[in-house]
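Here's the letter readout for the chains.
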Amino acid sequence: MLAIVWHSRTGAARAMAAAIAQGAGEQGVLLGAAEAMPAILLGASGYIFVCPENLGSMSGLMKEMFDRCYYPMLGRVEGRPYATAIAAGSDGAGAQAQIDRIVTGWRLKRVAPPLIVNLGAQTPEQIRAEKTVSDQNLAACRRLGEAFGEGLGLGIF
């Protein structure tokens, strides 16, 4: 099972996670960050973390998921593969760095470059608005899910 753990406030990360799951096929399981519990995540063979960058950080609900799951999973998931997809208003680097730092403690292995979708939302109105992810970016999300799912299915990682 590929756990696709996601959180979204304005729809972009939700659309990205859905496209990743579509690409992953039967391997992919969508888990809202609030639903992702250690017992479920321990049963996964790999992880894709999908969230927006809010104020230069991962979203609060995604951070809460890591806070809740970190110690119960510590020492139990070493070497499992992971990837990330960030919906950003600008560069997404802050959220990306936070996730990478946390999963370093779990000793996860990155198997795909970070996927950061820059939506360019900079004004308060743009930031609060529902987001639409371009077909090109959704296709990149599907490819990420497909490659990750195939890699798990073939035992590559």
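Residues numbered from 1 in each chain as written. Predicted model: local features only at pLDDT ≥ 70, side-chain atom pairs only at ≥ 80, totals over all residues. Heavy atoms only, no water.

**Student:** Before we go on, may I ask you to explain the pairing of strand β7 (residues 115–118) in this structure?
**Tutor:** On a regular strand, each side chain points to the face opposite its neighbour's, so the side chains alternate between the two faces of the sheet. The alternating pattern of β7 places L115 and V117 on a buried face and I116 and N118 on a face that is not buried. Bridge count for strand β5 (residues 81–88) against β7 is four bridges, and the pairing is parallel. Looking at the pairing, A88 lines up with N118 of β7. (Buried < 20%, exposed > 50% of the residue type's maximum accessible area, 1.4 Å probe, protein only. Helix = DSSP H or I, 4+ residues; strand = E, 2+ residues; numbered from the N terminus. Pairing = 2+ DSSP bridges.)

**Student:** What is the right way to look at the side chain of H7 in this model?
**Tutor:** With respect to the helices and strands, H7 occurs in the loop between β1 (2–6) and α1 (12–24). Non-local contacts of H7, meaning those with residues more than four positions away in its chain, are made with A13, A33, V50, C51, P52, S59, L61 and M62. (Contact = heavy atoms within 4.5 Å.)

**Student:** Can you walk me through the packing of α1 against helix α6 (residues 135–153) in this structure?
**Tutor:** The description of two packed helices rests on the angle between their axes and on the distance between the axes. Look at α1 against α6: their axes get within 6 Å of each other, and the N-to-C directions meet at 45°. As the angle between them shows, α1 and α6 are arranged oblique. As for how α1 packs across α6, the hand of that crossing is right-handed. Here A15, M16, A19, I20, Q22, G23 and A24 of α1 come into contact with α6, specifically with L138, C141, R142, L144, G145 and E146. Here the contact of α1 with α6 is built from residues that sort into eight nonpolar, three polar and two charged. (Axes fitted to C-alpha atoms, helices over the stretch in contact; angles between N-to-C directions. Parallel < 35°, antiparallel > 145°, perpendicular 65-115°, else oblique. Left-handed = near helix turned anticlockwise from the far one by under 90°. Nonpolar A, V, L, I, M, F, W, Y, C, P; charged D, E, K, R; others polar.)

**Student:** Can you walk me through the layout of surface pockets in this structure?
**Tutor:** Empty space among the atoms can be located by rolling a probe the size of a water molecule over them. What the largest pocket holds in volume is close to 390 Å³. Forming the boundary of the largest pocket are 20 residues, of which E53, N54, G89, A121 and I127 lie nearest the centre. Counting residues per element, the ones that place at least two in the lining of the largest pocket are α1, β3 (46–54) and β5. If you tally residues by element for the lining of the largest pocket, the top one is β3, at three residues. Residue classes in the lining of the largest pocket are distributed as nine nonpolar, eight polar and three charged. (1 Å grid on protein atoms, 1.4 Å probe; cavity = no way out; pocket = protein on both sides within 12 Å on 5 of 7 lines; lining within 4 Å. Points joined across faces, edges and corners; volume = space filled by probe spheres on them.)

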